[in-house]
Amino acid sequence: MNKIFKTLSLSIFVLVFVIFIIYLTKVNYKETINVTSPTVLQNNSNVDLNNDGNFESIKIIQIDNNKQDIEITTMDKTFFLSSLTKNNYLSNCSNSYSIKVRLLNISRDNKPRILVQGYLKEKPVTYLFSYTDKNFKLEYYCNNSNISGIIDSNLNRTPQIAFFNSSDLNKSFKNFMIINNNLIDISKNSIKTYGASEVLKLIDIICLEYEVVDYPNIFHKNATDDSISPIWSLNKNDFMYSFKNGFFYDNEVDKNGVLQNISWSLQFEKINKISNEKEIFKLNIESSRDENNNFKISSIK
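No experiment lies behind these values; they were computed from the predicted model shown. (Residues numbered from 1 in each chain as written. Predicted model: local features only at pLDDT ≥ 70, side-chain atom pairs only at ≥ 80, totals over all residues. Heavy atoms only, no water.)

Quick word on empty space enclosed by the protein
- Counting across every chain of the model gives one cavity of 30 Å³ or more.
- Forming the boundary of the largest cavity are K100, R102, Q117, N245, G246, F247, S265, L266, Q267 and K282.
- Elements with a minimum of two residues in the lining of the largest cavity: β8 (100-104), β16 (239-253) and β17 (259-272).
- Partitioned by chemical class, the residues of the lining of the largest cavity number two nonpolar, five polar and three charged. (1 Å grid on protein atoms, 1.4 Å probe; cavity = no way out; pocket = protein on both sides within 12 Å on 5 of 7 lines; lining within 4 Å. Points joined across faces, edges and corners; volume = space filled by probe spheres on them. Helix = DSSP H or I, 4+ residues; strand = E, 2+ residues; numbered from the N terminus. Nonpolar A, V, L, I, M, F, W, Y, C, P; charged D, E, K, R; others polar.)

Considering the environment of G118
- When you line up the elements, G118 lands in strand β9 (residues 113-120).
- The spacing of G118 and K244 is 126 residues in sequence and 8.6 Å in space, taken between C-alpha atoms.
- Non-local contacts of G118, meaning those with residues more than four positions away in its chain, are made with S91, Y97, K123, P124 and V125. (Contact = heavy atoms within 4.5 Å.)

Section: the sheet that holds strand β13 (residues 160-164)
- With mixed pairing, eight strands are arranged side by side in an open sheet as β15-β14-β13-β12-β16-β17-β18-β19. Pairing within the sheet leaves two strands with one partner each, and these edge strands are β15 (182-185) and β19 (295-300). Averaged over neighbouring strand pairs, the angle between their axes works out to 25° when direction is ignored.
- This element, helix α3 (residues 196-207), spans β12 (147-151), β13, β16, β17, β18 (278-289) and β19 of the sheet and lies at about 15° to β17. (Pairing = 2+ DSSP bridges. Axes fitted to C-alpha atoms, helices over the stretch in contact; angles between N-to-C directions.)

Concerning the packing of aromatic side chains
- Taken as a whole, this structure holds 18 aromatic pairs when the rule is applied.
- With 6.0 Å between their ring centres and 65° between their planes, F163 and F176 make a pair best called edge-to-face. With F163 in strand β13 and F176 in strand β14 (residues 174-179), this residue pair connects regions lying 13 residues apart in the sequence.
- Residue class for F163 comes out buried when judged on its relative accessible area of 0%.
- Judged by centre distance (6.2 Å) and plane angle (35°), the rings of F164 and F173 are tilted.
- F164 gets classed as buried once you look at its relative accessible area, which sits at 0%.
- Put simply, the rings of F164, F173, F248 and W264 touch in pairs and so form one group of aromatic residues. (Phe/Tyr/Trp six-rings, centres within 6.5 Å; stacked < 30°, edge-to-face > 60°. Buried < 20%, exposed > 50% of the residue type's maximum accessible area, 1.4 Å probe, protein only.)

Purely spatial values, then, with no claim about function.
Okay, here's the thing in structure tokens:
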């Protein structure tokens, strides 16, 4: 009996010890990211920001109840990205909206840029940060852009990064390349983002307060009711939608290097018409080249 009791006690001890080790591992876990394609930062993550083999810790932090900032810890210091701006935080936040942080490999030197999309005092704001020679730099700032994206990220060309406002593509469109570690404005010689007009029309339709029966010619011929099903269940009798921000990138080229597909990530506020409660509403959209070389919406999830 004594032997059985000792064996049982030992088994319980081992089990408790294993659970404790698993708990400590999860508490101290930091996702390590190697950036090749656009990566959404959601957790406290480790990223090699300047390609020196050392990983920096990036963390989205909450300030008070409605403000957010980004804290980065390197080997020798802790740094807040808001210190490069005129405010002591980067973005406001709420239950229905939070800061969006993406790591972009757009310079071909394996030194990812940090793209931040947020809202300050109910106006969209976009930042692009870099980390070179142990110094952080604010490379781009705009208080009128709510859509950002990259093109030529899958080719042997220099990637382009674009910024514009969903309410006026033509007037707000800005396009850049990073050349010799400098952000160069190439807007005048650039084509407006492929398929952007179709996606912007969809955003406008979603934000209408009523259901649309006849949609404009924005869908790819291969799109089916199932492949775009979220737009049939918006329930506008009970809800309204307000567009917050979007991001796009090229995710498919053919063997000749011709762009075939663009992925879009759109974020809205979904507002209950009766209670006025708000929640996050997200859509992932695929825009594909058709036989006329136009980009049309082929999938909505």
